[in-house]
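Per-entry structural report
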Amino acid sequence: MPFREGPLGDLKVPLTWTAAVALIVAAVIAVAFLLADRRETLQEQAYGVTRQTVDVVSRPVSGAIAAPGRWTGLGLDFVRSYFFTASENRRLKTELAEMRQWRDRALDLQDQNERFKSLLGLRTDPPIPMASARVVADSRGPFANTRLADAGSERGIEVGNPVLNERGLVGRVVGVAGGVSRVLLLTDIASRTPVMIDRTNARAILTGDGGPNPKLEYLRGVDPIQQGDRVVTSGDGGVVPRGLPVGAAVKGLDGRWRVVLFADQSSIDYIRILLFKDFAQLADEKQLEAKTLPPVTTEDPQTSILSTPSPAPKPAVTTTATPPAATTATPPAATQAKPAAPKPAAPKPAAPKPATATPAPTGAPR
Amino acid sequence: MSMSGGRALNPVRWLGVPMALCMLATVLFAAPIRIWGLQLPEPVFAMVPAFAWAMIRPSILAPFGLLVLGLFLDIFWGGPTGLWGLSLLVAYAMVLILRNAMTGQSRPMMWAWFAGVTGITMIAGFLFTMLDSLAMPSLLAVFWQFLVTALLFPFAHRLVDRFEDADVRFR
């Protein structure tokens, strides 16, 4: 029996009301999705299979759509270089002359740096491997700033890897699938990056807000920043390596310190993904897992505190030094107790003593 | 204006096709094109069906269509899941409540209504983002997206005009 001929055939439900009920159900589902979302945690588990699938499907589609734009850009570059060759040549010559001075300066500093490093026995971080990729899609809205890159897990990319272009830091990887990865930009509202002011070493947290210039929050210190200061990553927390260029500091219209990103100075078509997970990967694990530990040598408190110290070898000529000075007369002990040693009242002994063991003639006891 | 005679309006025509076109336009405008340092704008194309579907007729399927569209935007743009779904449903609910006041008004007036509804949607998105991320989005970025979205009214007008009288049961 058809529905309309049945007993419920005359029942007429107002369409607006049924639409309202459908609206409420849909809204409840949307709220549930929003509450269940853990995007801001930026964890690997929070990037679900659905997102990975959409990314995998989007990559070839967006890649095909982006290709004509890229070719147009390349064509425009070619035309521009053809018409502006003379002026560009002049500009490049000027720049080259300036760069030569910087090159000499850089070589000098590099040499100096190497010597200091060898003197201090510093261990520098090994180079971090990188993977290059092309951006195929990007979102620029106020609530999400991400980019889709055409390299994924098959290249060793993992969630958390920092992303750079040729000018500076772009963001970090928040989702990876086969052949594609999602990059959260520094400008995204969920982005937090530990940075420092290069000039003063003042620390801050670079906080995105969906606009082009992220904010510098939790800036510490007295007068830590000036207009134009270079901002680099601090490496605090081990999220990104230290010293990656980020941008230049500017004071925003709202009176807050913001950063003009270096990465924005060029198109972010090509990016480099640092295969950096955390600082543990920079250490040599084999050395860390050494079986033989160095011997633990501690002082015997009975001998160092309670017992009388052994008499020090006296110098050939007896001085009028006070007893405490006499106990610290041995060269190593004298070096340690140098500030506490009183100045000898008598003329300096003729004994061949190391210079470091004698208090400075002009130095008053502290 | 097309007349479909006495046949019921096929949901694929007035719901499915605009939804697919919105997705396509969103993907197109996500191309990383930068000409002389300027990027493409990023309008919320889904505002067009959110406004037009409620104007055409109340429907059970339309809210779920908007939910799907919103979820697609969130996942494709990499934002919080459910943000745009909820914001678009706010727009739909608003137009559904006010449709009696809007119907039959002049084109500029309808444009103003569209801009108003878009503004409310952006404010809703702003508040939902604040609650979700516990941070305040840039007002300038929100305003810029509102501006480019408000320019999409001709598409919404075209959609309303196309299907307003398409089903004789809703005249």
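By convention here, each chain's residues receive numbers from 1 onward along its written sequence. As they are written, the chains are lettered A onward and the ligands numbered 1 onward, keeping that order. Confidence filtering applies because this is a predicted model: local features only for residues at pLDDT of at least 70, side-chain atom pairs given and counted only at 80 or more, and all residues used for totals across whole chains, interfaces and linings.

1. Regarding the confidence of the model for chain A
Heads up, the condition is: On a scale of 0 to 100, pLDDT captures the predictor's confidence in every residue. Contacts here follow a simple rule: the backbone-placed C-beta atoms of the two residues must lie within 7 Å.
Per-residue pLDDT for chain A has a mean of 77; in total, 69% of the residues score no lower than 70. Low pLDDT (under 50) marks residues 314-366 of chain A, which in the prediction has 45 contacts with non-local residues, meaning those over four places away or in another chain.

2. Side note on the environment of Phe153 of chain B
Residues and elements named next belong to chain B. Rules: Per the convention used, a helix needs a DSSP run of H or I reaching at least four residues, while a strand needs a run of E reaching at least two, with both numbered from the N terminus.
Mapping Phe153 onto the fold places it in helix H7 (residues 153-163). Note: C-alpha distance between Phe153 and Trp111 (42 residues apart in sequence) is 6.0 Å. If near-sequence neighbours (up to four positions away) are discounted, Phe153 is found in contact with Trp111 and Phe114.

3. Some thoughts on the interface of chain B and chain A
For the record, the criterion: Amino acids are sorted into nonpolar (Ala, Val, Leu, Ile, Met, Phe, Trp, Tyr, Cys and Pro), charged (Asp, Glu, Lys and Arg) and polar (every other residue, Gly among them).
Across the contact, 46 residues belong to chain B and 44 residues belong to chain A. Those elements that provide at least two residues to the side of chain B that touches chain A are helix H1 (11-29), helix H3 (61-77), helix H4 (83-102), helix H5 (107-133) and helix H6 (139-150) of chain B. Broken down by element, the residue count for the side of chain B that touches chain A peaks at nine residues, all from H3 of chain B. Grouping the constituent residues of the side of chain B that touches chain A by class yields 30 nonpolar, 13 polar and three charged.

4. What about the packing of helix H2 (residues 47-56) of chain B against H7 of chain B?
All names here are of chain B. Selection criterion: Fitted lines through C-alpha atoms serve as axes, helices being fitted only where they are in contact, and the angles separating the N-to-C directions of these axes extend from 0 to 180 degrees. Reported orientations rely on four angle classes, namely roughly parallel under 35 degrees, roughly antiparallel over 145, roughly perpendicular from 65 to 115, and oblique for the rest. Each crossing gets its hand from how the near helix is turned against the far one by less than a right angle, where anticlockwise is left-handed and clockwise is right-handed.
At a minimum axis distance of 9 Å, the contact between H2 and H7 shows a crossing angle of 30°. Viewed along their axes, H2 and H7 adopt a mutual orientation that is roughly parallel. Helix-helix and strand crossings are classified by hand; for H2 and H7 the assignment is right-handed. Of the residues in H7, those touching H2 at Val48, Pro49, Phe51, Ala52, Met55 and Ile56 are Phe155, Ala156, Leu159, Val160 and Phe163.

5. Here we look at the packing of helix H1 (residues 15-36) of chain A against H3 of chain B
The contact between H1 of chain A and H3 of chain B brings their axes to 8 Å, and the two run at 20°. Viewed along their axes, H1 of chain A and H3 of chain B adopt a mutual orientation that is roughly parallel. Helix-helix and strand crossings are classified by hand; for H1 of chain A and H3 of chain B the assignment is right-handed. Taking contact as the criterion, the partners of Ala22, Leu23, Ala26, Ile29, Ala30 and Phe33 of chain A in H1 of chain A are, on H3 of chain B, Pro63, Phe64, Leu66, Leu67, Gly70 and Leu71 of chain B.

6. Focus on the nonpolar core
All names here are of chain B. Quick reminder of the rule: Nonpolar core, as used here: buried Ala, Val, Leu, Ile, Met, Phe, Trp, Tyr and Cys residues forming one set through C-beta atoms within 7 Å. For every residue, the other C-beta atoms within 10 Å of its own C-beta are counted; 20 or more classify it as buried, 12 or fewer as exposed, and values in between as partly exposed. C-beta atoms are placed from the backbone.
With 101 residues, the main nonpolar core has Ala46, Phe51, Leu89 and Tyr92 as its most contacted residues. For this core, the leading source of residues is H4, giving eleven residues. Non-local contacts of Phe51, meaning those with residues more than four positions away in its chain, are made with Ala91, Val95, Phe114, Val117 and Ala156. Core analysis: the next-biggest nonpolar cluster, separate from the first, contains five residues, Met122, Phe126, Ala141 and Phe146 among them.

7. Re the sheet that holds strand S1 (residues 130-138) of chain A
All names here are of chain A. This is how the line gets drawn: Pairing between strands requires that DSSP locate at least two bridges from one strand to the other.
The six strands lie next to each other as S1-S2-S5-S4-S3-S12, forming a closed barrel whose pairing is antiparallel. Across the sheet, the mean angle separating the axes of adjacent strands is 45° when strand polarity is ignored. Both strand S4 (residues 169-177) and strand S5 (residues 180-185) contribute to a ladder of six bridges, which runs antiparallel. Within S5, the residue paired with Val176 across the bridge is Ser181. Against the sheet, helix H2 (residues 49-83) engages S1, strand S2 (146-149), S4 and S5, with an angle of about 80° to S1.

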